[in-house]
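Commentary on secondary and tertiary structure
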Amino acid sequence: MSDADARAGYFGPYGGRFVPETLIHALDELERAYAEACADDAFQRELSLVLRDFVGRPTPLFHAQRLSEAAGCQVWLKREDLLHTGAHKIDNTVGQCLLAKRMGKPRVIAETGAGQHGVATAAAAARFGLECVVYMGAEDARRQRLNVERMRLLGAEVREVDAGSRTLKDAINEAMRDWVTHVRTTHYVLGSVLGPHPFPSMVRDFHRVIGAEAREQCLARMGRLPDVLVACVGGGSNAIGLFHAFLGDAGVRMVGVEAGGAGLGSGRHAARVPEHSVGVLHGTRTLVLQDLHGQIRETHSVSAGLDYPALGPEHAWLHDQGRVEYSHADDTEALAAFALLAQREGILPALESSHAVAWVLREGAALGPDAQVVVNLSGRGDKDVAEVLRLRSERA
Ligand SMILES: *Cc1c(COP(=O)(O)O)cnc(C)c1O
């Protein structure tokens, strides 16, 4: 773990553990087990092999020349879309499932919004012989039927949550309740750099491989470090995974792209940084979208993976320190980027990743034709085909 984590999981004023007393012991146990696993060569070796042979790492760094022409700068895509189950999320779920096994816990639980984290957890749990229960809002389950069936085919039990707005935050509440009740036998596979310590640092560490690979690939291919790194930011796991290896390189500019939704002025978005409002959500203190009474606001994005009211606490700290810039792309820009990447490079990107592509299309000309820009293509867009078609017919 890095120095930033020194004060019991705080990143400056952000992070910490805001959970019921009953979970403190489980979090201490997890922190200890994770520290031991980090120091254990056998664990690290097994994880590397799983990342290579099951997950599909390393991923290529692809010089997207026709996209570069459109953007006005040199665009390199870090191809996380090629990973098993379709996105970066699997790095974290195999890491945590291996850890659960090491801790002697036979059962894992997860919560999922669009279903991507649920599928990645179900695949890893199957691979390591763990019982798996995934909580999903009933409304989300209806919208993402294919992912529900994928999880079931992978042997997971999907529990649809009928409470509240029947979406992600209700599923998280149920998963927390399950964890409190079954904490002796169960590990909670949290899906982004969120939640109580040690999750934000641990999930980040499982994704650091993205930036470690990209840094080596840049040095080999460009003969130098890149000028800019760009990644979309939901909770912030794919972004922090890419950025971390470059944090000490002062010449490398880093940009996190949040979901601008229907536009910041509309109130229907998931851009936490511009409002810079501090609150506690799901166990961590960070930037959240809330109203004047401290109630968490409804968020909106064309991409389910960016549609979340809290930002990972380390990102809040990186913002305050001025080390990472945060920008946003709206639904329309993301849909245009999706279409352009499909037609110019033969790649259907996830709508989440399309936000990062949209940023480079908007800002690329100002960077100039010699600028080397790495865009994290966090996932593939097969899951989004129906939604893109629906939106196109709605907007036509
Ligand atoms: C879940 C998801 C995201 C958002 O999560 P982060 O933790 O911010 O990375 C981004 N891209 C894809 C493809 C996803 O599935």
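Residues numbered from 1 in each chain as written. Predicted model: local features only at pLDDT ≥ 70, side-chain atom pairs only at ≥ 80, totals over all residues. Heavy atoms only, no water.

**Digging into the confidence of the model for the chain**
Atomic detail in the predicted coordinates should be set aside for any region of low pLDDT. As a reminder of what qualifies: The score called pLDDT rates the predictor's confidence residue by residue, from a low of 0 to a high of 100. Contact definition: two residues touch when any of their heavy atoms are within 4.5 Å.
Chain-level pLDDT for the chain is 95 on average; 98% of the residues reach the 70-or-more range. Here residues 1-5 scores under 50 on pLDDT; set against residues more than four positions off or in separate chains, the count is 11 contacts.

**A short note on helix α5 (residues 116-127)**
We count it as follows: A helix here means a DSSP run of H or I that spans at least four residues, while a strand means a run of E at least two residues long, and both kinds are numbered starting from the N terminus. An expected span of 1.5 Å times one less than the residue number is assigned to each helix. Relative accessibility thresholds used throughout: buried, under 20% of the residue-type maximum; exposed, over 50%; partly exposed, between the two (1.4 Å probe, protein chains only).
Compared with the 16 Å implied by 1.5 Å per residue over 12 residues, the 17 Å span of α5 between its first and last C-alpha is a close match. Among the residues making up α5, those that are buried are Gln116, His117, Gly118, Val119, Ala120, Thr121, Ala122, Ala123, Ala124 and Ala125. Residues of α5 that are buried make contact with α2 (41-55), α4 (89-102), β5 (107-112), β6 (131-137) and α7 (145-153). Two residues or fewer after α5 comes Gly129, characterised by a positive phi angle close to 70°.

**Details of the environment of Leu82**
As for its position among the elements, Leu82 is in the loop between β4 (74-78) and α4. Apart from the residues lying within four places of it in its own chain, the contact partners of Leu82 are Pro60 and Arg380.

**Digging into the nonpolar core**
How we decide: Residues belong to one nonpolar core when they are buried, are Ala, Val, Leu, Ile, Met, Phe, Trp, Tyr or Cys, and are joined through side-chain atoms within 4.5 Å.
Ranked by size, the top nonpolar core spans 59 residues in total, and within it Val94, Leu99, Val108, Met151, Trp179 and Tyr188 carry the most contacts. With 7 residues, helix α1 (residues 21-38) is the single largest residue contributor to this core.

**A closer look at the site of the ligand**
Our working definition: For this description, a residue counts as near a given molecule or strand if any of its non-hydrogen atoms is within 4 Å of it. Polar contact criterion, stated in full: a pair of N or O atoms within 3.5 Å, where within protein one must be able to donate a hydrogen and the other to accept it, and residues adjacent in sequence count only if both atoms are side-chain atoms. Accessibility throughout is a Shrake-Rupley quantity obtained with a 1.4 Å probe, and a residue counts as covered only by protein chains that appear here. Three classes are used: nonpolar for Ala, Val, Leu, Ile, Met, Phe, Trp, Tyr, Cys and Pro, charged for Asp, Glu, Lys and Arg, and polar for all others, with Gly counted as polar.
Taken together, the neighbourhood of the ligand is formed by 16 residues, with Lys89, Ser192, Gly234, Ser237 and Ser378 sitting nearest. His88 has a polar side-chain atom sitting 3.0 Å from an oxygen atom of the ligand. In this structure, Ser378 approaches the ligand through a side-chain N or O atom, which is 2.7 Å from a nitrogen atom. Contact with the protein chains covers 96% of the free accessible surface of the ligand, which is 380 Å². In terms of residue class, the shell around the ligand is built from 4 nonpolar, 10 polar and 2 charged.

**Here we look at the pattern of salt bridges**
Rules: Within this document, salt bridges are pairs made up of a side-chain nitrogen of Lys or Arg and a carboxyl oxygen of Asp or Glu, the two lying within 4 Å of each other.
A complete count under the given rule lists 37 salt bridges for this structure. Between Arg102 and Asp40 there is a salt bridge, and its shortest N-O distance comes to 2.7 Å. Of this pair, Arg102 sits in helix α4 while Asp40 sits in the loop between α1 and α2, placing them 62 residues apart in sequence. Since its relative accessible area comes to 35%, Arg102 is described here as partly exposed. Linking Glu139 and Arg166 is a salt bridge whose minimum nitrogen-to-oxygen distance equals 3.9 Å. Note that Glu139 is positioned in helix α6 (residues 138-143) and Arg166 in the loop between β7 (157-161) and α8 (168-181), a separation of 27 residues in sequence. The exposure class of Arg166 is partly exposed, given its relative accessible area of 31%. A cluster of three or more residues bridged by salt bridges with shared partners is formed by Arg57, Lys78, Glu80, Asp91 and Glu213.

**Considerations on the sheet that holds strand β9 (residues 228-232)**
What counts is decided by this rule: The pairing criterion is simple: DSSP has to find at least two bridges between the two strands. To get an axis, fit a line to the C-alpha atoms, keeping to the stretch in contact for a helix; angles then go from 0 to 180 degrees between the N-to-C directions.
Strand order in the open sheet formed by 6 strands is β3-β4-β14-β9-β10-β13, with mixed pairing between adjacent strands. Of all the strands in the sheet, the pair left with one neighbour each is β3 (61-63) and β13 (325-330). Averaged over all pairs of adjacent strands, the angle between their axes in this sheet comes to 30°, without regard to strand direction. Two strands pair when backbone bridges link them, and strand β10 (residues 253-261) and β13 are joined in this way by 6 bridges, in the parallel orientation. Bridge pairing in β13 places Gly256 opposite Tyr326. Most of the contacts of helix α12 (residues 331-345) go to β13, to which it runs at about 85°, and overall it touches β3, β4, β10 and β13.

**Quick look at the sheet that holds strand β8 (residues 186-188)**
Taking strand neighbours across the sheet as the criterion, the 4 strands line up as β7-β6-β5-β8 in an open arrangement whose pairing is parallel. Unpaired on one side and paired on the other, β7 and β8 mark the two borders of the sheet. Each strand of the sheet is rotated relative to its neighbour by a mean of 25°, with strand direction disregarded. Here 6 bridges tie β5 to β6, and the two strands are oriented parallel to one another. Within β6, the residue paired with Glu111 across the bridge is Tyr135. Sheet strands touched by α5: β5 and β6. Its angle to β5, the strand with the most contacts, is close to 165°. Against the sheet, α7 touches β5, β6 and β7, its axis set at about 145° to β7.

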